[in-house]
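# Summary of structural features
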Amino acid sequence: MNPLKLVTSTTCQLAEGPQWLEDTSQLLWVDIEGKAIHLVTLNSEEHEVIPMPQRIGAAIPATDGSIVCALEDGIYLLQPDRSLTQLTELESDNPNHRCNDGKVDETGRLWIGTMPMGGAAWSGALYSCDDAGTIVKHVEELGCSNGMDWSLDGRTMYFIDSPTKRVDAFDFDASSGTITNRRPIVQFEDALGVPDGMCTDAQGRLWVAHWGGYCVTCHDPVKGEELQRISLPASQVTSCCFGGPNLSTLFITTASIGLSEERLKQEPLAGSVFSIEVDAVGKLNPRFKISK
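Residues numbered from 1 in each chain as written. Predicted model: local features only at pLDDT ≥ 70, side-chain atom pairs only at ≥ 80, totals over all residues. Heavy atoms only, no water.

### Quick word on the pairing of strand S9 (residues 84-89)
Alignment of strand S8 (residues 74-78) against S9, held across five bridges, turns out to be antiparallel. The residue of S9 that forms the bridge with leucine 77 is threonine 85. Hairpin connection between S8 and S9: a loop of five residues separates the two successive antiparallel strands, and arginine 82 in this loop has a positive phi of roughly 75°. (Pairing = 2+ DSSP bridges. Helix = DSSP H or I, 4+ residues; strand = E, 2+ residues; numbered from the N terminus.)

### Description of the nonpolar core
Of all hydrophobic cores here, the largest spans 18 residues; its most connected members are Val68, Ala70, Ile75, Leu90, Leu110, Ile112 and Phe288. Of all the secondary structure elements, the ones that give two or more residues to this core are strand S6 (56-61), strand S7 (67-71), S8, strand S10 (97-104), strand S11 (110-116) and strand S12 (124-129). Here the element with the most residues in this core is S12; it accounts for three residues. For leucine 90, the residues in contact, after removing those within four places along its chain, are Glu72, Asp73, Gly74, Ile75, Cys99, Ile112, Thr114, Tyr127 and Ile135. Counting residues in hydrophobic clusters, the runner-up holds 17 residues, among them Leu28, Ile32, Ile67 and Ala255. (Core = buried A, V, L, I, M, F, W, Y, C linked by side-chain atoms within 4.5 Å. Buried < 20%, exposed > 50% of the residue type's maximum accessible area, 1.4 Å probe, protein only. Contact = heavy atoms within 4.5 Å.)

### Quick look at the state of the cysteines
The full count for this structure, using the stated rule, is zero disulfides. Cysteine 69 takes part in no disulfide bond, and the closest cysteine sulfur to it belongs to cysteine 99, at a distance of 11 Å. Note on cysteine 99: no disulfide assigned, nearest cysteine sulfur contributed by cysteine 129 at a separation of 9.5 Å. (Disulfide = S-S within 2.5 Å.)

### A look at unusual backbone geometry
Positive phi, close to 75°, is recorded for arginine 82, a residue that is not glycine. Looking at where arginine 82 falls in the secondary structure, it is placed in the loop between S8 and S9. Arginine 82 sits in the partly exposed class, given a relative accessible area of 33%.

### Description of the packing of aromatic side chains
A full pass over the atoms with the stated rule returns six aromatic pairs. Ring geometry for tryptophan 20 and phenylalanine 251: centres 5.7 Å apart, planes at 15°, overall stacked. On the criterion of sequence distance, the pair formed by tryptophan 20 in strand S2 (residues 15-21) and phenylalanine 251 in strand S23 (residues 249-254) is long-range, its members being 231 residues apart. Residue class for tryptophan 20 comes out buried when judged on its relative accessible area of 10%. When the ring of tryptophan 111 is compared with that of tryptophan 150, the centres are 6.5 Å apart and the planes differ by 65°; the resulting orientation is edge-to-face. In this pair, tryptophan 111 sits in strand S11 while tryptophan 150 sits in strand S14 (residues 145-150), placing the two residues 39 residues apart along the sequence. Among the residues examined, tryptophan 111 registers a relative accessible area of 0% and is labelled buried. (Phe/Tyr/Trp six-rings, centres within 6.5 Å; stacked < 30°, edge-to-face > 60°.)

Here it is as structure tokens:
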């Protein structure tokens, strides 16, 4: 197994949603509780931290050079000059909810989930959003909408609602932007904590981060079996993505939030972003389509 490396010496409260920007060799991620977007240029000292006015659940590059951002009360566009404009509201009438994790499908449509910030209520939902700000609700009664991605043929959408401790699949129609026929495909044991963020590789395998599980696991989405496990020195593993010049680097985000002083002494790297070379090749994530 290749060694883990630190992407930066900076630690975050709740690092999430890594995205590889191939044209600039940058890694982007969010610190949800730190209310910031991080941009690190690999093999350099460049590390930009962009403050946000609210908690930010996801930040994804758009086709026009902006970044689509999912904040607590809606979807925004962050321009290259770092100005922020709201595209549309999303659950702005529910101050106990926030956006959490998102990804863009092959047509350039954003998929974003919401979650309650307190209690165990299953009140979150899964939405899609286009560049006109049109919001469509697809799934209700979610506990913590989390990782998502698509099969290589684009006909299956994978999705994690963390408290269920499983990966589900939907039949996906890209042209209409609809999902149907939800079914479980991977069920995780309690020892792995709860599944969090997720990505797929160029072979269609699932790579899943485990909150409370100290690891990322790789799975066959057809058989559901575990194929590989990457251990980390941080318990709260939040998400992962492929990047680097050959798309063979797995970037992994973690969190330090909620850990006691004693636990932080045991996990001094909690909240770090790691990289590791793996025996797999990833695929680039689509960008949010701006057609104006």
